[in-house]
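Next come the chains, spelled out residue by residue.
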Amino acid sequence: MIKKLFINVIRFYQKYISPIKGQSCRFHPTCSEYAALSIEKYGIIKGTLKAIWRILRCNPFFKGGVDYP
Amino acid sequence: MEQQDMQKRLMIFFAAAALLLISFSLVSQYFFKDNAQNEKNQTQQTEKEAAAPIKQVGGSYDLVLSGERVNADSLKDIVRIKTKEGYVEFSNIGGRIVSAFDNRYNIDIVPEFSKSNKIFPGEIITTDTNITKLLNFSKYESKIKDNKISFYLKNENVEVEKTYTINDDNTITVDIKTKGLENVGLSYLTGVTLKSEGDFGHDGPIIKTDREIIRIDNDINTIQTIRDKILWAGQENKYFMQILSVKGGINTVYIVPVAKDTTVVLSEIPASFEGFNYLGPKLYSLLGEITDKYQKLWNVDLDLRSSIDFGFFGILGKPLFLLLHFIYDFVHNWGLAIIVLTVLLRIVLFPLNHKSLKAMKKMADLAPEMEKLKKKYAKDPQKLREEIMKLYAEAGANPMSGCLPILAQIPIFIALYNVLMVTVELKNAPFMLWIKDLSDKDPYYVLPILMGLSMVVQQFITPISDKNQRMIMYILAGVFTFMFMNFPSGLVLYWLTNNILGLIQSVIVNKSMKK
């Protein structure tokens with residue numbers, strides 16, 4: 001299933017790529033975790049859009065904090 | 001169980017990384033070999049092949065690619081004129097441009113193909129083969145005055161006067177007057193395929209009309225004719241071009257294949273005309289100056305800058321290049337410009353502004369509560385993170401820069417790579433000490449190794465509990481170092497500067513947390 005594939009890609013990123021850049025996310029859960037959860041919950045299209053919106057908010061001009069999908 | 005799983009993953013990761021590296025080196029080797037072979041083929045073919053004459057109403061243009069051409073000029077009877085950045089050489093045989101050397105890049109814009117086949121920019125090719133031979137294979141009388149050189153040819157029927165003026169901006173003003181050639185078609189040999197400067201760019205004919213830019217590939221088999229309102233035409237590669245622009249424009253350009261992946265551009269001209277040749281690098285600011293000059297002189301927008309092709313990632317590359325160029329105008333060193341740009345990007349993208357410094361002070365006040373949380377949730381890092389984030393949000397202070405600034409690095413990285421690969425400004429652009437060319441790899445691998453070290457240090461600073469994860473990070477630092485070894489040093493410089501700035505930022509954050 002494509003949904004599973006997307007989530008696996010995110011998990012791969014979390015394991016092997018994310019460590020390179022160190023911790024940077026202003027939220028809990030992190031943006032990648034949020035993306036995985038929201039794709040699980042809303043499906044690929046809506047879930048991805050929500051994840052993109054989350055990443056866009058993850059910058060010094062937004063407060064951050066706890067934010068679940 | 002967990003441990004085993006981890007080891008398996010590590011193995012897979014190693015295998016994948018090794019496979020990638022090996023296949024990359026194999027592929028690149030294959031390509032280099034391919035190139036070398038191609039060049040060989042080319043020279044072999046050029047000796048045999050002759051151009052097919054252009055079939056056209058009212059006559060055809062024959063380049064006379066034969067022994068006669070090669071024997072006509074031994075390139076001994078030559079006049080050299082110094083330019084601002086090198087020299088131009090003219091042959092008294094035919095009054096042609098046989099060399100255009102640029103000291104900055106240590107390159108002759110007139111290619112090897114021209115020299116071995118004795119076919120040069122500045123030739124006048126006619127629809128009458130005998131006249132073509134006369135105009136290009138006979139000795140002209142020449143006269144030099146300052147930066148102006150005139151060539152005369154006169155026999156009972158034909159009279160030709162070519163005057164070239166070498167200008168400070170690297171252009172060569174061309175003024176051609178003929179008598180007795182009214183009944184034949186005339187064309188000016190504008191360019192011969194330049195030596196390729198590698199991938200990432202177009203090699204071949206380039207034609208600018210009043211509406212668009214037309215690029216034609218070198219691997220054509222038949223003569224291509226372009227009829228339009230043509231402002232200038234010629235040959236280009238990624239970094240350099242050989243063009244002719246005629247005052248008032250011309251209507252027809254012919255592109256003649258002469259050998260494998262080699263073409264000649266002919267611009268059809270009236271019996272007398274005024275124009276200019278440009279044989280030189282595609283420097284953004286210089287091409288802008290020349291365009292402005294002719295905007296005033298001829299009242300036409302030549303838009304020479306459109307010859308600079310930023311390629312597929314141009315949408316990212318061009319604005320970054322303009323920004324870099326702007327900084328360069330102040331610092332006069334491309335390496336320094338990259339560093340300044342990196343710092344500027346950090347300031348924009350990362351919370352090092354007044355507001356976040358304030359936030360950091362608040363962080364110091366939060367320290368006791370943080371300690372409490374750390375003790376309380378020592379066994380549940382997930383929950384601990386959640387609580388800490390809650391605390392930050394409540395206090396309005398967050399030391400993390402966020403994911404967006406990190407992600408924004410990727411397009412900037414690609415854009416910088418693009419700029420380093422396609423702009424002539426960064427070719428041979430020295431930085432300092434041992435870095436002589438920012439678009440080439442670091443010859444002693446100092447920058448990549450420093451970059452790897454900066455990554456390791458970064459891991460030391462960020463507290464992570466998982467041993468395996470730390471191991472992965474060290475491996476990644478190694479893989480990155482290897483990957484960056486063959487990257488352009490300008491790119492590594494950017495990444496290294498960025499890492500160091502990140503380190504400084506982490507240290508500041510850590511300190512404010514401990515207070």
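Reading the values: the criteria
Residues numbered from 1 in each chain as written. Chains lettered and ligands numbered in written order. Predicted model: local features only at pLDDT ≥ 70, side-chain atom pairs only at ≥ 80, totals over all residues. Heavy atoms only, no water. UniProt positions renumbered as here; feature names shortened; annotations may be inferred. Helix = DSSP H or I, 4+ residues; strand = E, 2+ residues; numbered from the N terminus. Phe/Tyr/Trp six-rings, centres within 6.5 Å; stacked < 30°, edge-to-face > 60°. Buried < 20%, exposed > 50% of the residue type's maximum accessible area, 1.4 Å probe, protein only. Axes fitted to C-alpha atoms, helices over the stretch in contact; angles between N-to-C directions. Parallel < 35°, antiparallel > 145°, perpendicular 65-115°, else oblique. Left-handed = near helix turned anticlockwise from the far one by under 90°. Contact = heavy atoms within 4.5 Å. Nonpolar A, V, L, I, M, F, W, Y, C, P; charged D, E, K, R; others polar. Core = buried A, V, L, I, M, F, W, Y, C linked by side-chain atoms within 4.5 Å. Patch = residues over 30% accessible without salt bridge, like charges linked within 9 Å, V, L, I, M, F, W, Y side chains within 5 Å. Areas by Shrake-Rupley, 256 points an atom, 1.4 Å probe, with all protein chains shown as cover. Salt bridge = Lys/Arg side-chain N within 4 Å of Asp/Glu carboxyl O.

## A few points about the UniProt feature "domain: Membrane insertase YidC N-terminal" (unreviewed entry) in chain B
According to UniProt, the feature "domain: Membrane insertase YidC N-terminal" (unreviewed entry) maps to residues 145-322 of chain B in the numbering used here. Span residues 145-322 of chain B is 13% helix and 51% strand, its end C-alpha atoms 39 Å apart.

## Some remarks on the packing of aromatic side chains
Each pair of aromatic rings is reported with the distance of its centres and the angle of its planes. All names here are of chain B. Summed over the entire model, instances satisfying the criterion amount to 18 aromatic pairs over all chains. The interplanar angle of 75 degrees and the centroid separation of 5.5 Å between the aromatic rings of tyrosine 105 and phenylalanine 240 together place this pair among those described as edge-to-face. Of the two residues, tyrosine 105 sits in the loop between β3 (96-102) and β4 (107-108) while phenylalanine 240 sits in strand β14 (residues 240-259), which places them 135 residues apart along the sequence. Look at phenylalanine 240 and you get buried, because its relative accessible area is 2%.

## Considering the packing of helix α2 (residues 31-42) of chain A against helix α3 (residues 44-57) of chain A
Residues and elements named next belong to chain A. Between α2 and α3, the least distance of the axes is 7 Å, while the angle of their chain directions is 155 degrees. The angle between α2 and α3 falls in the class roughly antiparallel. α2 and α3 meet at a crossing whose hand is right-handed. Note on element contacts: α3 touches α2 through Ile44, Lys46, Gly47, Thr48, Lys50, Ala51, Arg54, Ile55 and Arg57, opposite Cys31, Tyr34, Ala35, Ser38, Ile39 and Tyr42. For the contact of α2 with α3, a count of residues per class yields eight nonpolar, three polar and four charged.

## Focus: the nonpolar core
All names here are of chain B. Formed by 101 residues in total, the largest nonpolar core has its most connected members in Phe90, Leu135, Tyr164, Ile207, Leu304 and Leu438. Apart from residues no more than four positions distant in its own chain, leucine 135 is found in contact with Gly94, Ile124, Thr126, Tyr140, Leu153, Val158, Val160 and Leu181. Core analysis: the second largest hydrophobic core is formed by 14 residues, Ile119, Tyr254, Val256 and Val264 among them.

## Looking at a nonpolar patch on the surface
Taken together, the side chains of Ile45(A), Leu49(A), Ile52(A), Trp53(A) and Leu56(A) make up a nonpolar region of the molecular surface, amounting to roughly 560 Å² of accessible area. Within the secondary structure, Leu56(A) is located in helix α3.

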